[in-house]
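# Overview (structure and organization)
Read off the chains here:
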Amino acid sequence: MDNRPIGVFDSGLGGLTAVRELRRMMPSEDIIYFGDTSRVPYGSRSRETILKYARQDTRFLRGFDLKAILIACGTVSTTSLDTLKAENDIPMLGVVEPTCRRAVAMTKNKRVGLIATAASVRSGAYERTIRAFDPTIEVISRACPLFVPLVENGRFRPGDVVIETVAREYLGSLRGTGIDTLILGCTHYPLLMEVIGGVMGPDVTLINAGEESAWEMKRALRASDALADPGRAGEAAFYASDRVEDFEKLAGMFLQEDLRRSVNQIDIETY
Ligand code: DGL
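These remarks concern the structure in this document. Owing to the predicted nature of the structure, the values given are computational and were not obtained by experimental measurement.

## Overview of the side chain of Glu 127
Inspection of the secondary structure assignment puts Glu 127 in helix H6 (residues 125-133). Of the side chains with opposite charge, Arg 128 comes closest to the buried, unpaired Glu 127, at an N-O distance of 6.8 Å. Polar side-chain contacts of Glu 127 include one of 2.5 Å to the side chain of Ser 141. Setting aside residues no more than four positions away along its own chain, Glu 127 makes contact with Leu 114, Val 139 and Ser 141.

Next up, the structure:
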């Protein structure tokens, strides 16, 4: 048993989709979340810049006595996971492997779509991981660079003409490719489930990176006998690198629960 908190970080608010699932699956766990809201989006930046940011995010979280870190960011997971793992002596989990494992289990026709940030698609990490599970699966990828800034600005609801137009533009070319499974390879995208599902239609199964990575964390903690005491109520603490008012305004939508604690602002450049 281990009652120390789990650290979670993302470039912004998207990782809260993983926090929501962690809290649902493991209500006894304490969570410390950092969203790098002053530097979001990461997905349009170079691998070097993303790694630099991810190292600072990790250093900030490591100021707490954590039992594990969940990199709840597709972009950091696809570009920097191996380096961060090698540099840190606590378990660090990313979103790619659990998400791909689920997609491989779900596809029937072995045609899987991937949508993610430009950096994630460029890395080829999702394709490599799927092929390692099953080399006969074909992966068709599309970068959707406007999705993260739109979601961070609250433009994710069905009927919102801006997000609906952008979604049709990005996803139009995926329709007609015959995919039966679509990986939402960025943790911001679960908020777009309805919009994306509306464009892709009911025959395409959507895979949620936030949810799959939370399952993976639960499996890993259980395997190392590091789950928290089931009798306790877990707490969550939130940190952001930009205005906390903006974080607080949107966080409830990602978490699907009231943010009962205030958010603390930190200067991530000092880490
Ligand atoms: N939630 C991040 C991801 O999963 C968003 C990346 C970004 O900031 O562009 O990729």
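## Re the packing of helix H8 (residues 161-171) against helix H9 (residues 193-200)
At their nearest, the axes of H8 and H9 sit 10 Å apart, and the two run at 50 degrees to each other. Compared by their axis directions, H8 and H9 come out oblique. Considering how the two elements wind past one another, H8 and H9 form a crossing that is right-handed. Listed contacts from H9 to Ile 163, Glu 164, Ala 167, Arg 168 and Leu 171 of H8 are Val 195, Ile 196, Val 199 and Met 200. Per-class residue counts for the contact of H8 with H9 are seven nonpolar, no polar and two charged.

## Remarks on the sheet that holds strand S10 (residues 263-265)
An order of S4-S3-S1-S2-S9-S10 is seen for the six strands of this open sheet, with the pairing classed as parallel. Bordering the open sheet on either side are strand S4 (92-93) and S10, each of which pairs with just one other strand. Here four bridges tie strand S1 (residues 6-10) to strand S3 (residues 68-71), and the two strands are oriented parallel to one another. Bridge pairing links Val 8 to Leu 70 in S3. Strand contacts of helix H2 (residues 47-61): S1, strand S2 (31-35), S3, S4 and strand S9 (236-240), with the helix running at about 150 degrees to S1, the strand carrying the most contacts.

So, how was this worked out
- Residues numbered from 1 in each chain as written.
- Predicted model: local features only at pLDDT ≥ 70, side-chain atom pairs only at ≥ 80, totals over all residues.
- Heavy atoms only, no water.
- Helix = DSSP H or I, 4+ residues; strand = E, 2+ residues; numbered from the N terminus.
- Buried < 20%, exposed > 50% of the residue type's maximum accessible area, 1.4 Å probe, protein only.
- Lys, Arg positive; Asp, Glu negative; His and termini not counted.
- Salt bridge = Lys/Arg side-chain N within 4 Å of Asp/Glu carboxyl O.
- Polar contact = N/O pair within 3.5 Å; in protein donor to acceptor, adjacent residues only side chain to side chain.
- Contact = heavy atoms within 4.5 Å.
- Axes fitted to C-alpha atoms, helices over the stretch in contact; angles between N-to-C directions.
- Parallel < 35°, antiparallel > 145°, perpendicular 65-115°, else oblique.
- Left-handed = near helix turned anticlockwise from the far one by under 90°.
- Nonpolar A, V, L, I, M, F, W, Y, C, P; charged D, E, K, R; others polar.
- Pairing = 2+ DSSP bridges.

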